[in-house]
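Each chain is listed here by its residues.
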Amino acid sequence: MGPPPRFSRCLSWKRILSIFFLPLILASFAPRVKDKEGLIYANAQLHPAGTFNWSHLTPLTLKDRSVGLETVSRVGRKPYFTLGGHKFLILGGSIHYFRVPREYWRDRLLKLKACGFNTLTTYVPWNLHEPERGKFDFSGNLDLEAFVMMAAETGLWVILRPGPYICSEIDLGGLPSWLLQDPNMILRTTYKGFVGAVDKYFDHLISRVVPLQYHKGGPIIAVQVENECGSFAKDKDYMLYVRKALLKRGIVELLMTSDEAENLLKGHIKGVLATINMDKFEKSAFEQLSQLQSNKPIMIMEFWVGWFDTWGSEHSVANAEDVKETVSKFITSEISFNVYMFHGGTNFGFMNGATYVGIHKAVVTSYDYDAVLTEAGDYTEKYFKLQGLLSSVLAMPLPPLPKLTPKAEYPSVKPSLYLPLWDVLQYLHEPVISHTTVNMENLPINSGNGQSYGFVLYETSICSGGSLHANVHDTAQVFLNEISIGLLDDHIKTLIIPKIRECQLLRILVENRGRVNFSWKIQDQRKGLTESVTIDKFPLNGFAIYSLEMTMSFFERLRSATWRPVPRNYLGPAFYLGTLKVDSSPKDTLLSLLTWNSGFAFINGRNLGRYSIIGPQKTLYLPGVWLHPEDNEIILFEKRKSGSYIQTTNEPIL
């Protein structure tokens, strides 16, 4: 999804929705006999109250799969979708399996169904599924097939959005960082190096998707071709290539594109249904869509019911009544739609993307999105308003609401031990020794795939002070030995090093805060030090380069380290160790790190994500299913200075 205008923050409760008249307006869905072609162009049975009945159109009950999702256009009527030959309105909601602990997938899907929705949409992140060339991961929290089949078991159809680019406020829009090792790489084009990598990925991915399609007995009724390519549109052959890549690997369901109104023409390709993204009901946008394909039904692929946050910005919210009113207009206008997001989840670990509008701004850890469900899966005002609206137009009673996931507050943790970063270097893999600096992606590690996320520490000896110049992405702390002398970022590239009497170790700790996920800027997302480092314009050389990816195996090695007692105050990057004590039945909670500055939190080796004093997010979601009964190891990697307590709460501060 790409950035539209910001949502209005005014809380207007003046507009009242008269849903009592929906039955009359929806009379266009009244049952009719089959026409000469044998199509049933009424949607199912209409109850006397004028409501939809799709009880026979669910993945587990619909046995005849000869006719999938199709578009129908008839004289004197609005175009519409049919599924299995029956008129069908897509009521979709987005949930990303990779942002939700697997143990909670069913809960979130049941809540989607209980709200009245009939379709799930999800992106597929290439960077998570192929972290290294040819090394695929569809296990655990990345088990796409299990998620899709769980949706079917819940009674939901699926629209799959496999990319290869997905945006989604995820690092590099879901593209793997190893693509950037090629200095000539042009992402999202027919550049040979890019399509060659996509072909190998699609060979693996689509072979998993094909059996899950509607015509094969699965729940996938439609597949999206790429994502919002109209806003990019640098290669007219690229979208044709992606369409062909899907078709030749066995995708047979309805294909769709997805763009904002102003980019529809640039993102559309012949033979593929164009859908539109928006944050409110816009007749002018529908007119643009009709000019492009007047004989096709309207589908809102992304109806934005909230928005994402970036560090240092305000928390975004959207008015629940406005959301309900817009959905009501969609339904009365016979417009299919997908709520983005129904449940946002969390950018665990280093998953987050970034925006760039003159300045790099990292997306926060929470992907709450002010969605229909909260980050922790709790009900919201939007949920109950939409549930009330949808229940009024559906004939069958909605399933009972799943119970809330219990929350808890646990005793505060005061870390008792710490390790300065400099003590940790011996527990890392051997540093890369290089004459010059090497950017993160091109480090000769991970079987030649470079480093995707985290931090990189560059060390070299200097024997004089002067004006240090470094091209940093994204932020860097600069040290002489263990003493901090300043900060650099993508705008501040120069730092004065004081005069020194003898040679000292210059250390530059660079943090990748997330690659930009939208716009042409994705081409320029190599991280670390991307050019030569100079002092008074003389290049430095002879670097030792340490990779700090902070994987679970790294924390296992740290267990053998000699940790020190935490001093009263410590300035500089360090790891802090404590024990979070819970009861025998762990519950969801949120970490509150108000006395700490900036860094990452790890629980039992799992990376919960970034925290920062600049806000807006002040708590980190900690799923109870990731806690052990009784004692849990909690480690903070704090970049700046030691804090005091790590507290927990059952209320998020976003």
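Along each chain, residues carry numbers from 1 onward, in the same order as the chain's sequence is written. Owing to the predicted nature of the model, reporting of local features is limited to residues with pLDDT of at least 70; listing and counting of side-chain atom pairs is limited to 80 or more, with chain, interface and lining totals taken over all residues. To obtain the side-chain values, all non-hydrogen atoms of the structure were included, while hydrogens and water were left out.

Visitor: Looking at this structure, how should I read the environment of P431?
Guide: Along the chain, the position of P431 falls in the loop between α11 (421-424) and β15 (432-434). A sequence separation of 86 residues divides P431 from G345, and the C-alpha atoms of the two residues are 36 Å apart. Only DSSP runs of H or I reaching four residues or more are called helices, and only runs of E reaching two or more are called strands; each is numbered from the N terminus.

Visitor: Hey, could you run me through the pairing of strand β16 (residues 455-462) in this one?
Guide: Every other side chain in a regular strand lies on the same face of the sheet, so the side chains alternate between the two faces. Accessible area is worked out with a 1.4 Å probe on protein chains only. A residue is then buried under 20% of its type maximum, exposed over 50%, and partly exposed in between. Burial analysis of β16 places seven of its eight residues in the buried class, the great majority of the element. The pairing criterion for strands is at least two bridges between them, as found by DSSP. Where β16 and strand β22 (residues 504-511) come together, eight bridges link them in antiparallel fashion. Within the sheet, the bridge partner assigned to F455 lies in β22 and is E511. One ladder, built from five bridges, connects β16 with strand β26 (residues 543-548); its direction is antiparallel. Its bridge partner lying in β26, V456 is registered against S547.

Visitor: What is the right way to look at the confidence of the model for the chain in this model?
Guide: Fine structural detail should not be taken from predicted coordinates in areas where pLDDT scores are low. Summary of the metric used: pLDDT quantifies the predictor's per-residue confidence within the range 0 to 100. With 92% of its residues at a pLDDT of 70 or more, the chain shows a mean pLDDT of 92. Contacts are residue-level and defined by heavy atoms, with any inter-residue pair within 4.5 Å sufficient. Residue range residues 3-50 is modelled with pLDDT below 50. Its contacts to residues more than four positions away, or to other chains, number 106 contacts.

Visitor: What should I look at first to understand the state of the cysteines in this one?
Guide: By definition, a disulfide is the covalent link that joins the sulfur atoms of two cysteine residues. We call a pair of cysteine sulfur atoms a disulfide whenever their separation is within 2.5 Å. A complete count under the given rule lists one disulfide for this structure. Unpaired in this structure, C229 has its nearest cysteine sulfur neighbour in C167, at a distance of 12 Å.

Visitor: Before we go on, may I ask you to explain the UniProt feature "domain: Beta-galactosidase 1-like first all-beta" (unreviewed entry) in the chain in this structure?
Guide: UniProt positions are given in the numbering used here, feature names are shortened, and annotations may be inferred rather than shown by experiment. Sequence positions flagged by UniProt for "domain: Beta-galactosidase 1-like first all-beta" (unreviewed entry) are, in local numbering, residues 450-549. Span residues 450-549 is 0% helix and 51% strand, its end C-alpha atoms 11 Å apart.

Visitor: Looking at this structure, I do not really get helix α4 (residues 144-154). What am I missing?
Guide: Each α-helix turn comprises 3.6 residues. Residues three or four places apart therefore point the same way. Every buried residue of α4 is accounted for by L144, F147, V148, M150, A151, A152 and T154. Where α4 is buried, its residues meet β4 (91-95), α2 (105-114), β5 (119-123), β6 (157-161), α5 (192-209) and β7 (220-224). Among the residues trailing α4, G155 stands out with phi positive, at a value near 95°.

Visitor: What is the right way to look at the environment of D182 in this model?
Guide: In this structure, D182 sits in the loop between β6 and α5. Between the C-alpha atom of D182 and that of F194, which follows or precedes it by twelve residues, the distance is 9.5 Å.

Visitor: Would you mind going over unusual backbone geometry with me for this structure?
Guide: Excluding glycine, a negative phi dihedral is what most residues carry, and trans is how most peptide bonds are arranged. Here G163 and P164 are connected by a cis peptide whose omega angle stands at 20°. Along the chain, the position of P164 falls in the loop between β6 and α5. Unusually for a residue other than glycine, Y369 sits at a positive phi of about 65°. With respect to the helices and strands, Y369 occurs in the loop between β13 (360-362) and α10 (381-393). Phi at S447 takes a positive value of approximately 55°, unusual for a residue other than glycine. Assignment of secondary structure puts S447 in the loop between β15 and β16. Using a relative accessible area of 71% as the deciding quantity, one classes S447 as exposed.

Visitor: What should I look at first to understand the sheet that holds strand β3 (residues 86-88) in this one?
Guide: Sheet strands associate in pairs through backbone hydrogen bonding, adopting either a parallel or an antiparallel arrangement. Across the sheet, which stays open at both edges, the three strands sit in the order β1-β2-β3 with antiparallel pairing between neighbours. The open sheet has two edge strands with one neighbour each: β1 (69-72) and β3. Neighbour-to-neighbour, the strand axes of the sheet open up by a mean angle of 45°, direction not taken into account. For β1 and strand β2 (residues 80-83), the ladder comprises four bridges, and the chain directions are antiparallel. If you follow E70 over to β2, its bridge partner there is T82. Here an axis means a line fitted to C-alpha atoms, over the contact stretch when the element is a helix, while the angle between two N-to-C directions is reported on a 0 to 180 degree scale.

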